[in-house]
Every structure is written in C-alpha cells, then in structure tokens.
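Observations on chain architecture
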There are 2 protein chains.
Amino acid sequence: MNDTTGQQDLFADPDEKMSDAKEKAPKERAPKSENAESMAKRQREISVSEFFTKNRHLLGFDSPRKALLTAVKEAVDNSLDACEEARILPDIKVTIRKLGDTDKQYTMIVEDNGPGIVKAQVPNVFGRLLYGSKFHRLRQSRGQQGIGISAAGMYGLLTTGRPVIVRSKAGKRAIPLEFEIRIDTAKNRPEAKDRVIEWDKDHGTSVQIDMEGEYRRGQRSVEEFLKLMAVANPHVNLTFTDPDGNVTEYVRGTKELPKEVEEIKPHPHGVELGILLKMIQESDNRTVSAFLQQDFSRVGPGVAKEICAKADVKPESNPRRLDTATVQRLKGAIDKTKIMSPPLSCIAPIGEQLIIAGLKKEVEADFYVATSRKPVVYRGHPFAIEVGIAYGKPGDTLQITDAGKIVEVSTGPKNQELLMGNADDPVRLIRFANRVPLVFQQSACAISKAVINTNWKNYGLQQPRGALPIGPMVIFVHIASVWVPFTSESKEAIASYDEILEELRLALMDSGRKLGTHVRKGKKLASEFKKRNYITMYIPHVVEALKEILVLDDKATATATENLTTVLEKSRKL
Amino acid sequence: MNDTTGQQDLFADPDEKMSDAKEKAPKERAPKSENAESMAKRQREISVSEFFTKNRHLLGFDSPRKALLTAVKEAVDNSLDACEEARILPDIKVTIRKLGDTDKQYTMIVEDNGPGIVKAQVPNVFGRLLYGSKFHRLRQSRGQQGIGISAAGMYGLLTTGRPVIVRSKAGKRAIPLEFEIRIDTAKNRPEAKDRVIEWDKDHGTSVQIDMEGEYRRGQRSVEEFLKLMAVANPHVNLTFTDPDGNVTEYVRGTKELPKEVEEIKPHPHGVELGILLKMIQESDNRTVSAFLQQDFSRVGPGVAKEICAKADVKPESNPRRLDTATVQRLKGAIDKTKIMSPPLSCIAPIGEQLIIAGLKKEVEADFYVATSRKPVVYRGHPFAIEVGIAYGKPGDTLQITDAGKIVEVSTGPKNQELLMGNADDPVRLIRFANRVPLVFQQSACAISKAVINTNWKNYGLQQPRGALPIGPMVIFVHIASVWVPFTSESKEAIASYDEILEELRLALMDSGRKLGTHVRKGKKLASEFKKRNYITMYIPHVVEALKEILVLDDKATATATENLTTVLEKSRKL
C-alpha cells in the first residue's frame, strides 16, 4: 500500500529547464522554497470586478450568443423597474445592430420612457458592480443584486474596448446628458465623461453597449425573450428592431400598471442569529420591546412581551447590553412564538386574469386557465406562485373543435411556433421570476422539478417517467418575491426551497385539475363524435331496411331518418 | 387581444390599508410616486459580504449538512496549498464535535503543519471575502478565489454568533498566536483580537469555526470527502475525528510532494481586447516589441516582429500611444500568429502511477488503469485531464478470479462501500479539480457529461442511454489547471468548455480501451472456464464409454482420462 512510485513527468518541454521534483522533495519538514513571510507579501485584495471578469460565466456572459441576450435582459429589467417605481406605463425600444462588417460584434440599445437617472448616479449605476438601490430593500423588483447592467458594460469593454454610452433625461425640465462610461476593473469604479445633448423626450434613459455577440433566432433568442417578457408584462409596449432592420411590436394588453409594492421590515421568523446580533447593534431603540416592535414587521406589544417572557429577558432592558447567549435565547423565543405572516404589500403577483390576458395575447390556444396562489413565506420572505396553462393548438390537434356545431371553429395558430410545440412534443414550460423570463438552465430549476413531479396523467396527458408531459400546451409559471433565491448570479434558475416546491405543487395541481376537466371533456367529445359518425353512417342502412320491411314511401323514409337521428342523439345527450 | 381585465387582488389582508392599484394607475406618463431624485437617494454600495450573506447558497452554505462539508473543504484546501507551497509534507487533523447538547451545532477544527500565517495577514485571510494570494497568479492551486474560508467563518458567525478562532505559528522561532475574528459584513473587513498562546508545534495553522450544521455519514459526507481527498493526494497524512470520537487515519502512500508549480505570464492567445488594453496601460515597457516579449509568455523577438508586421504597427512604437483601433489590429494579429503553447510548469498533474497508487490505497479492485493526458490550453490557460479506473469487486462479482488456478484469489473488499458500488449499480464517478474532490452537482459537470457521452459498450460494459455505465467500477477524473472554470463560486462542477470536453473524451477513451482488454479477457476467461467445466464434467463419461468399448483396465482408464484432458485443454489454449 505504501507505494512510492515516482510521479510521472509530463513536462518534458524541450526549452524549459526542469526543476526536478525529486530533488526538491524535503527530507524533513522545514520550509524551503516559501515561508510565511514570503507568502504574506502576495496577499492582496481582489476587486469584485476582477473576480467577475475572470468568472463572467457566473453572470451569464459565457458565450457570445448568451452575452447578447443577458445584456438585453439586464437593460430591459432596469427599464421596467424604473418605470414601475415612477408609476409610468413603460414604452421600451430594443435595437440590435451589427457593429462593423462581421457578424461577431453587435451594438445593443435599450431606450425607455422611465424617470431617468440623476447625473451623479449614472456612472455608478452603469460602471460599478454591487451598486444599486434594490439589494437592501425588501420589496419585489426585477433587479436585486446591483450587478447586471454594469457587468454587461464590463463585458462590452472587455470584448470591444468600447465604453458604455448612456443617455438620460431626469424629468421634463432636466437637461438631457450623454455619458461615456468605462469600468476600472482593478478598483471596481467608473471612469466617466458626460456632455449635454439634444434629446426629444420628456424623460427616460437609454443604454448602448457594443459587444462581441452572436445573433440567432428561435429558442433562447432575444426574440423569444422579448415575446415571453410581453406575456408576463401585458402592461408594456415593446418595440424590437433586429439586425436586419425588421421591427416587431408587442402592444400592451392593459393600461394597468402592476400594483405598487411597498418596502417591508424583516419578519422575525426569517432572521438568523448573526443578523439579529447585527440589528441589535445598529438599532436606535433603547428597550428590547421597542426594538422588536420597531425593527421588525408584525410585532406588536403583545408579541414583544411574549417573546421577552419566553426568552427570560426584561422588555425594558437595553438591547445593546445583551450578551450573545441572551440574544440566542431571544432568537429561540422568536422561533417558538406564533407571529402573523409578513405584510404582502411588498409583492405584486400578476393575477389570474392578467396571466390569461398575457397568454392570449401571445399564444393562440383552445383553452386557458390560471392559478394565482395566496402569498406565503420562505425564510421570512413573502413569495407567491402563479401558474397559467394554454392548451390545444386550434385547427391542428383538436380537430374535434371544428366538427359539427359542438365547438366554435378556431382560426388556427399565428406565427406562434416559438411558444407552442406539436401534439407529440413535450409541453413548453415558460418560467418567470418577478415577471422576468428565465431562459437558461431549465433542468436545474425548482420550477421544472415541480412540473416534472406533477402527475399529468391525472389530467389526461401523457407523461414519460421523469420528464415533462406531452402535448400541445404551454405551462406558464411565475414566482413573485422580495428575494428570489436564484441558483447563480446570472439569475437563470430557482433554488429548490421546500416551501417554494410545495407552493409550486399546489398551484400546478390546481391548474392541472381545471385542465383535466377540459381535456376529459375534449376526449368525451371526441369519443361521442366518433359514435355520432357511426350513427350517421349506419342510420341510412337501418332506415333502408325499415323501408323495405314496413314498405314506407320517400316522405315517410325521410321522417323516419330524422326521428331516428334525433332519438339517438338525445340518448347520447349531445 | 387588448384585454384590459383588472388585476386580481390577492392582498386583501384585513389589517392593512389597501393602496388601490387602480386609483394610482396613471392617466398620463408623468412620474407620480417616485422620480429620479427620490430614487437616486437610495442608490448605495453593496458589500461583497452582504451579497454573499444573502446569496450564501452560491458558496455552498445552503443547508446545514452541506455547510459543514464546505467549511471542512475550504480549510483543508488552504492547509494543503500552504504546505505544498512551503514544500512541507502535509499532516492534517480534522475534528468535528458537537457544540452544546443538540445535534444542530458543531465545532470544526482543521489543524495543519504548514508554514503558518504572519500576524498582519491572519485577520484578512479569515475575515474578508475576495482577499488572497492565489487569484492573480497563473499557477495551479486548490483555492483560487479568496472567498472560501472567510465565507465559512461568516456563516459560522451568522448561525451561532461566534467568532472564528485561528491559531498560527509562522516558523520555529515565531511566537504562537491565537486570534478571534469576526467579519463586519457591511464593510467586508475583519474585527480581530489576538493573544499569545502556548502551542507545542514547530509551525502550522489551525482554524476553528462554530456553526449550524448537520453531521451525516455515507455519500456526500465529510467522511467521504476526506477519503476522496486521500485518493487524489497520496502524499497527505489525514487524521479525522468524528463527533462520536471515532478516529480514522489516512496514511500517506508516498513521501513525494507534488511537483512544485511555477507562476507563468499570460499567453497571448488567451488574452481579450479589454485585457490587452489594460496590460498596455499598465506596462513599463516602452516599445510594442518589448511589451509583447516581456509581458507575455512564449513571445520572442521573432514572434513579436511577426505580430507587429501583421498588425501594421512599428515594433519600436510606444505601446501607450496606440489607439483602440490599433490595439484591436494587434489583437487580430496575435490571433493569426502561431505561438508556442504556454509553459506547463504552472500545473502539476498527479501522474498515472500516483493515480493508481491513490486508488489502490482506498479502493480494492481487480484491475487498475490510468491515463494522464499531456497538458493543453483553453482560453490561454494550461490544463491537463487525468483518468483512473478501478474495476471489479474482488471476491464478489468476478468469481472467475478465484476459480481454479487461473487468477490469484483476492482477499475481498474492506470497508470500501463508500466508493465501490455493486455489479448492478451505475459506476461510481469521482471528480477532482486541482486535487480537490467535487462532491456536489455531479449532473451539471462537464466531467459527468464526458463520461456519459463515452460509449462504454465498446469496452464491454452495459450502459443505459444517456446515463453512467453499469458495473463494479470507480472512475476517477481529475482536471489540473491554473484556472479551473467552475460553474459557481462553490466550486462544485466544471463548465463545459469544448477544449476540456475533448480532452476528457480522449482520456476516458484511452483508459476505456485498456479496461476493455481486461473486461474482454475476463469474459473470455469466464467463457473458457465454463467450457472447461463442461470438459471436466463430460470426460469421465466419455472415458467410461471408451473403457467399455476398448475393455481398459483401471490404470489405462486413468491414463486415458489424463491424456484426454490435456489434449482438450491444449486445444483451448488454457
């Protein structure tokens, strides 16, 4: 077992002087080539920009194709967040055009009619990672990390050497400005210059990034992303100009903005010991009771008293004087006390009617259904799960629908191949977090797991083991939360928290049941139709036989046929 | 299509005053509740510690069970890196014990005989994220981000409120010190105090972290991680004390340290435009030719001249005076110039013999094989792929081995259920990056994809479609690189770069072929043995018949039997 075979030498490189490992292998354990002092000299800070430059696949910039889509996504997210916060109905223009002659570099421009950004903040927002207004607030927004758009700019600079161009007009009377921003990755700080421009706009922001990219159509394309964005954001007007100059317009289906979300305080049940210790240190409140009531949501005098009693802490004691052991007791007491769920004003689900409206706008189907679950909580964060289903390809799969007078004739699908597959294909699953489509990493996502774990056979669909069900169907799933737990900074998949999986399960079951009724009705219709066809086919023969036996004239034969048909149809309850 | 159905109200919470979204929906697009100024006030910096506190699942601290393993991994990685850099044969002691009465909190202690850490650096190394010596150096090491151990300490503080305890002695004559370190997450800076202690040790470091955790055995446990660590690091002595006080020792199988790795300069083919622009700005060299030769590896006067000619840049021009367009030409010229591969002294693969030694030490099998590919390059970074295979469960599956005198009798497996499965199970895949076992996210890893995409049926194994092959086998795969492209900060899976997938494919095929020869030989042996059994079974009857026909006496019968057996065995070439 003590095999001391020599290490194989893989490095016989002709022009390199070999340092023989065997020679250097120590006889005793005294440091030789390096020691603590020499090693200390190399210790240094790593800027977050340097980190993400080297690890840019973590942010969604791992391939030219994905980079283009990620940049569009980050810019559109910011535009929509800003518009909604300022209660402006969003008009967004996305333009992608070739940069130079090759098809390896592109310019992306995203322009909005939002509130604009004040001069002092523009360089930081676009030229600094981990900077923003959304990270520390407990309320739903698309962006949450303060990384995305600056990372897109950093990627552009890295691949083309060109700065980010930002135009901003922060209100009707504000002076429109144009900025040229380069991120200094060693410091994670912007280098910016600005100038006054003419801009015929009341207010708004535009961001322009030159970058290495690859433009494609079809699945996981900018095109598809924007279509999905339109499904989940029916209040948005989106205009997309592609590199060939083709313009696609997504017209809003409602003038109603999403409900305004309010910032909430942390809920006691979501707080960890370390956070509690920190909150106590930073609190202005002089008694434990006041601290509990003022710094958390859902703690009134009664609950505060109960917690203190359980923790054996005097409500009027100074929170800053508590030692760690006492705070630990306080934490234990909080966990054992029943406290009302956090206020739900911090999130704004889409709602069943608007989910259906959004689906109808972009996917033509026979049947639509939606479920919007009441918000609940994971780790103290409110979240709500919503599901929508569009089923059946009109004029294609469910031929039954235009048979006889049973169901109205549908006009067939229009250019919707992006979302609805064929009857033999797996259903299309479209995933959303805070109204943003999730395009990549489907298999790693809690949403996919929940859809696969749902037994769709119960609802009349085929489903291979461990896979999505089969059928002409789009499943829309949305999670709205103050803090969406993504599996990576690129925000492509949802982490599998138990509470989230459970809500997904219930929402999918609810929509599934409604779907099942429709599918079964469809199957019954199909089966009845088949039987009715038999009736239609055999009645003439039966009547012919009756005619011969009873010696009927033509009129009597016609009457007999009609009566027989009516009787048989009635008996089938059609 | 313009469905303006009202948004469903999910927030009818009795004790909340409802702000009616409909009322607030704007008639025109003027900002109402927020504008650019009010929004600007909330913009602020997010510290990297705050970011990772909220996103700690990105670092591998998403569940108590995983947290304990991640912390051990980060501490052991650091210990081994430090020992090897100081050319010390590592002796590592890992201890996990319960903290208090419950089984929800644990203390982890990892102690090494490394060079120690100088006083001024200890607080930064253990109390600051993105701080370290490895990120900026192009050479192989286990750690590369400067996040891991500080993140473990941050998690400990968050869940128990207790500081990290570090002991360090930086050399024989140094004074041993003990530190108490708490990370200030708002600033990403350490708060530390230290005191002189007695420590009967020449030099070394110990880190102790109290944390919420869950201790389990079996797959994806600390136990398994350390066993795997011993496989890929046969030069390490590891002692593990579990919470029940059981001690497991992994004794080193070689006294040879891994080859010492050297830092290299970046290779021109791996550099992107943005990096090139930055390197030019930061260079001390006054001519383009000198810049190319001094700041990159593998560029001599000839190559520099060739690049300059292709880029239409004078070799003696001042690099700082080049505009972006010219640098872009320079980049294009670099990409079109043939340049020798980067020096490989920066990485230290394990080598075929030591892979087999490591496997033999921890997995008992019938057959071992290994392949260590020559290092190559992705994105300018040298990397090498190595594969090892341990096949066949002695005394269990391949009964043929102890049948007759054909093969030596094996003594059967010893307590190795952690690594070797049964004959009907999928093979066990063990993945390593820079000698560190990768325990989680197997399915998302390039290594798994390459193993699944290899056609193991060619090598005599069963393999279900799209899955690992079946059999009593352990596949060891190692990537050694100056920069391992992990799919997340928690360093659990390798990103699927084409160059890496290709090297994996070739290495797996090479080991697979050697395995195939053995498996087929085994199958042939099995089949021959079966035939030989028939011979043994039928010869007496044949001889009996001959005896009757030829009227042989007993002696003649015995001779006939012997001759017949010899003839038949010879004809079968056994």
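Residues numbered from 1 in each chain as written. Chains lettered and ligands numbered in written order. Predicted model: local features only at pLDDT ≥ 70, side-chain atom pairs only at ≥ 80, totals over all residues. Heavy atoms only, no water.

So, about the sheet that holds strand S6 (residues 177-184) of chain A. Residues and elements named next belong to chain A. If you trace the eight strands from one edge of the open sheet to the other, you get S7-S6-S5-S8-S3-S2-S9-S10, paired in mixed fashion. Each of the sheet's edge strands pairs with one partner strand only, and the pair in question is strand S7 (189-196) and strand S10 (247-250). On average, adjacent strands in this sheet sit at an angle of 15 degrees to one another, irrespective of strand direction. Sheet analysis places strand S5 (residues 164-169) next to S6, joined by five bridges and oriented antiparallel. Across the sheet, the residue bridging to Ser168 is Leu177, located in S6. Its contacts with the sheet place helix H4 (residues 64-85) against strand S2 (91-98), strand S3 (105-111) and strand S8 (204-212), and it is angled at close to 10 degrees to S3. (Pairing = 2+ DSSP bridges. Helix = DSSP H or I, 4+ residues; strand = E, 2+ residues; numbered from the N terminus. Axes fitted to C-alpha atoms, helices over the stretch in contact; angles between N-to-C directions. Contact = heavy atoms within 4.5 Å.)

On to the interface of chain B and chain A. Interface extent is often summarised as the accessible area lost during association of the parts. The interface of chain B with chain A comprises 126 residues on the first partner and 127 residues on the second. Taken together, both faces of the contact between chain B and chain A bury some 11100 Å²; the carbon and sulfur share is 53%. One can count six salt bridges joining chain B with chain A. Our count for the contact surface shared by chain B and chain A stands at 24 residue pairs in polar contact (both at pLDDT 80 or more). Pairing of strand S1 (residues 44-45) of chain A with strand S4 (residues 131-132) of chain B, which is carried by two bridges, proceeds in the antiparallel orientation. (Buried area = accessible area lost by both parts, 1.4 Å probe. Salt bridge = Lys/Arg side-chain N within 4 Å of Asp/Glu carboxyl O. Polar contact = N/O pair within 3.5 Å; in protein donor to acceptor, adjacent residues only side chain to side chain.)

Before going further, it helps to examine the nonpolar core. In this structure, Trp456 and Ile494 of chain A together with Leu226, Trp456 and Ile494 of chain B are the most contacted members of the largest nonpolar core, which totals 201 residues. Among residues more than four places away in sequence, those in contact with Ile494 of chain A are Ala433, Leu438, Ala444, Cys445, Ala446, Ile447, Ile479, Val484, Pro485, Phe486 and Thr487 of chain A. (Core = buried A, V, L, I, M, F, W, Y, C linked by side-chain atoms within 4.5 Å. Buried < 20%, exposed > 50% of the residue type's maximum accessible area, 1.4 Å probe, protein only.)

Further remarks concern the sheet that holds strand S6 (residues 177-184) of chain B. All names here are of chain B. With respect to topology, eight strands assemble into an open sheet ordered S7-S6-S5-S8-S3-S2-S9-S10, the strand pairing being mixed. Taken across any chain shown, the strands that pair with only one partner, and hence form the sheet edges, are strand S7 (189-196) and strand S10 (247-250). Going across the sheet, the axis of each strand differs from the next one's by a mean of 15 degrees, ignoring polarity. Pairing of strand S2 (residues 91-98) with strand S3 (residues 105-111), which is carried by six bridges, proceeds in the antiparallel orientation. Residue pairing for S3: Val94 is matched across the bridge by Val110.

Moving on, we get to the confidence of the model for chain A. Residue and element names in this part refer to chain A. Within chain A, residue pLDDT values average 85, and 86% of them lie at 70 or more. Counted against residues more than four places away or in other chains, residues 1-32, with its pLDDT under 50, gives 72 contacts. Across residues 396-415, confidence stays below pLDDT 50; counting only partners more than four residues off in sequence or on other chains, it has 29 contacts. (pLDDT = per-residue confidence, 0-100.)

Bringing the pairing of strand S9 (residues 237-241) of chain B into the picture now. All names here are of chain B. Alignment of S2 against S9, held across five bridges, turns out to be parallel. Its bridge partner being in S9, Ile92 is matched across the sheet by Leu238. Note: S9 against S10, four bridges, orientation antiparallel. In the sheet register, Thr239 faces S10, and the bridge partner there is Glu249. Here S9 hands over to S10 after five residues, with Gly245 in that stretch at a positive phi of 90 degrees.

Turning to the relation of the copies chain B and chain A, a few remarks are in order. For the pair of chain copies, the relating operation is a rotation around an axis with a shift along it. Superposing chain B onto chain A requires a rotation of 180 degrees together with a translation of 0.0 Å along the rotation axis, leaving an RMSD of 0.1 Å. Here the symmetry operator amounts to a two-fold rotation axis. Interface overlap between copies: 100% of the residues of chain B at the interface are likewise at the interface in chain A, consistent with a symmetric, same-surface contact. (Least-squares fit on C-alpha atoms with pLDDT ≥ 70 in both.)

So, on to the pattern of salt bridges. Residue and element names in this part refer to chain B. Evaluation of the coordinates by the stated rule reveals 63 salt bridges over all chains. Notably, a salt bridge pairs Asp81 with Arg142, separated by 3.2 Å at the nearest N-O pair. With Asp81 in helix H4 (residues 64-85) and Arg142 in the loop between S4 and helix H6 (148-160), this pair connects stretches of sequence that are 61 residues apart. The shortest N-O distance in the salt bridge between Asp184 and Lys187 comes to 3.5 Å.

Packed helices, taken two at a time, are described by the angle between their axes plus the distance between the axes. Residue and element names in this part refer to chain A. Axis separation between H4 and helix H6 (residues 148-160) bottoms out at 9 Å; the angle between their running directions is 140 degrees. With respect to H6, the element H4 is oriented oblique. In the packing of H4 onto H6, the handedness of the crossing is left-handed. Along its contact with H4, which presents Pro64, Ala67, Ala71, Glu74, Ala75 and Asn78, the element H6 presents Gly148, Ile149, Ala152 and Tyr155. For the contact of H4 with H6, the per-class residue count stands at seven nonpolar, two polar and one charged. (Parallel < 35°, antiparallel > 145°, perpendicular 65-115°, else oblique. Left-handed = near helix turned anticlockwise from the far one by under 90°. Nonpolar A, V, L, I, M, F, W, Y, C, P; charged D, E, K, R; others polar.)

A few words now on the environment of Lys331 of chain B. Residue and element names in this part refer to chain B. Following the sequence through the fold, Lys331 ends up in helix H11 (residues 324-336). The buried category is assigned to Lys331, whose relative accessible area is 16%. Sequence separation between Lys331 and Leu273 is 58 residues; the distance between their C-alpha atoms is 6.5 Å. One polar contact links the side chain of Lys331 to the main-chain carbonyl oxygen of Val271, over a distance of 3.4 Å.

On to the layout of surface pockets, then. To find leftover empty space, one rolls a probe the size of a water molecule over the atoms. Taken as a whole, the second largest pocket encloses approximately 1400 Å³ of empty space. Only helix H8 (273-282) of chain A together with helix H3 (48-54), H6 and S6 of chain B provide two or more residues apiece to the lining of the second largest pocket. In terms of residue count, the dominant contributor to the lining of the second largest pocket is H8 of chain A (seven residues). Residues belonging to the lining of the second largest pocket are distributed by class as follows: 15 nonpolar, 11 polar and 14 charged. (1 Å grid on protein atoms, 1.4 Å probe; cavity = no way out; pocket = protein on both sides within 12 Å on 5 of 7 lines; lining within 4 Å. Points joined across faces, edges and corners; volume = space filled by probe spheres on them.)

What follows concerns the packing of aromatic side chains. With the rule as written, the count across this model stands at 20 aromatic pairs over all chains. Between Phe135 of chain B and Trp483 of chain B, the ring centres sit 5.6 Å apart and the planes meet at 90 degrees, which makes this aromatic pair edge-to-face. With Phe135 of chain B in the loop between S4 and H6 and Trp483 of chain B in the loop between strand S16 (473-481) and helix H14 (498-550), this residue pair connects regions lying 348 residues apart in the sequence. Judged on exposure class, the residue Phe135 of chain B and its partner Trp483 of chain B are both buried. Aromatic side chains Trp456 of chain B and Tyr459 of chain B sit 5.8 Å apart centroid to centroid with 80 degrees between the ring planes, which places their arrangement in the edge-to-face category. As far as burial versus exposure is concerned, Trp456 of chain B and Tyr459 of chain B are alike and both buried. Taken together, the ring pairs in this structure connect Phe51 and Phe52 of chain A together with Phe135 and Trp483 of chain B into an aromatic cluster. Positioned above the aromatic ring of Phe135 of chain B is the side chain of Lys54 of chain A, whose terminal nitrogen or guanidinium carbon lies 4.8 Å from the ring centre. Over the ring of Phe440 of chain B we find Lys66 of chain B; its NZ or CZ atom is 4.7 Å from the centre of that ring. (Phe/Tyr/Trp six-rings, centres within 6.5 Å; stacked < 30°, edge-to-face > 60°. Lys NZ or Arg CZ within 6 Å of the ring centre and 35° of its normal.)

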